[in-house]
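Inside the fold
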Amino acid sequence: MSDEEHHFESKADAGASKTFPQQAGTIRKNGYIVIKGRPCKVVEVSTSKTGKHGHAKCHFVAIDIFTSKKLEDIVPSSHNCDVPHVNRTDYQLIDISEDGFVSLLTDSGDTKDDLRLPTDESLLKQIKDGFAEGKDLVVSVMSAMGEEQICALKDIGPK
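Structural notes, computed from the coordinates. Only a predicted model underlies this, so the values are computations on that prediction, with no experimental measurement involved. (Residues numbered from 1 in each chain as written. Predicted model: local features only at pLDDT ≥ 70, side-chain atom pairs only at ≥ 80, totals over all residues. Heavy atoms only, no water.)

Taken as a whole and judged by the stated rule, the model has seven salt bridges. One salt bridge in this structure joins Lys154 and Asp90, with 2.7 Å as the shortest N-O distance. In this pair, Lys154 is assigned in strand S11 (residues 147-158) and Asp90 in strand S7 (residues 86-96), connecting sequence segments 64 residues apart. Classification of Lys154 as partly exposed rests on a relative accessible area of 42%. With relative accessibility at 33%, the residue Asp90 sits in the partly exposed group. A salt bridge links Lys125 to Asp129, with the shortest nitrogen-to-oxygen separation between them at 2.7 Å. (Salt bridge = Lys/Arg side-chain N within 4 Å of Asp/Glu carboxyl O. Helix = DSSP H or I, 4+ residues; strand = E, 2+ residues; numbered from the N terminus. Buried < 20%, exposed > 50% of the residue type's maximum accessible area, 1.4 Å probe, protein only.)

Considering the arrangement of structural elements, one finds Thr106 in the loop between strand S8 (101-105) and strand S9 (111-116). Of the polar contacts made by the side chain of Thr106, one reaches the side chain of Ser108; its length is 3.1 Å. Beyond its immediate sequence surroundings of up to four residues, Thr106 is in contact with Tyr91 and Lys112. (Polar contact = N/O pair within 3.5 Å; in protein donor to acceptor, adjacent residues only side chain to side chain. Contact = heavy atoms within 4.5 Å.)

Okay, here's the thing in C-alpha cells:
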C-alpha cells in the first residue's frame with residue numbers, strides 16, 4: 001500500500017446523487033424522469049406491446065420542470081431510467097433587487113440571495129405586484145439536479 005494521503009473534495013450534499021434509477025415500466029403520469037439530461041414531469045406514458053424479438057417499450061412525453069419545454073423519449077420498459085430528486089421548499093420573500101434576484105428568508109432564519117425572479121410572465125407579475133403592495137408573500141422553490149427556480153406563490157396576508 002502507498003503512504004500517500006488521499007484528499008477528497010467534500011460536497012455540501014454529502015455526495016447524494018442528483019438522480020436515482022427506476023424501471024421505465026414503473027414510471028407513471030405526473031412522475032418525474034430525466035430526458036436528455038433535463039429533469040422533467042411526465043405528462044403522458046404509452047406502452048407498446050412486446051415485438052417479435054424483444055421488449056415492450058415505454059414512450060414518455062414530459063415537460064422540463066424549469067424551462068417548460070416538451071421532451072420525448074422511448075425506453076424499453078425493462079430498462080432503468082434516471083429519476084431526479086425533486087424538492088419543493090417554501091421561503092418568505094424579503095426583497096427584490098434591481099438586477100432580478102430575490103432575497104428569501106429560510107426556515108432557519110438565514111437569507112438566501114442566489115435565486116433569480118422566475119421567467120414565467122404571469123408569476124413574475126404576481127410577485128412584483130404583491131411585493132409592491134406590501135403583502136407578505138411565500139414563494140415555492142423547486143430544486144432538482146443542482147438547479148433551483150421559483151415555481152409558485154402564496155399570499156399570507158398584509159405585513
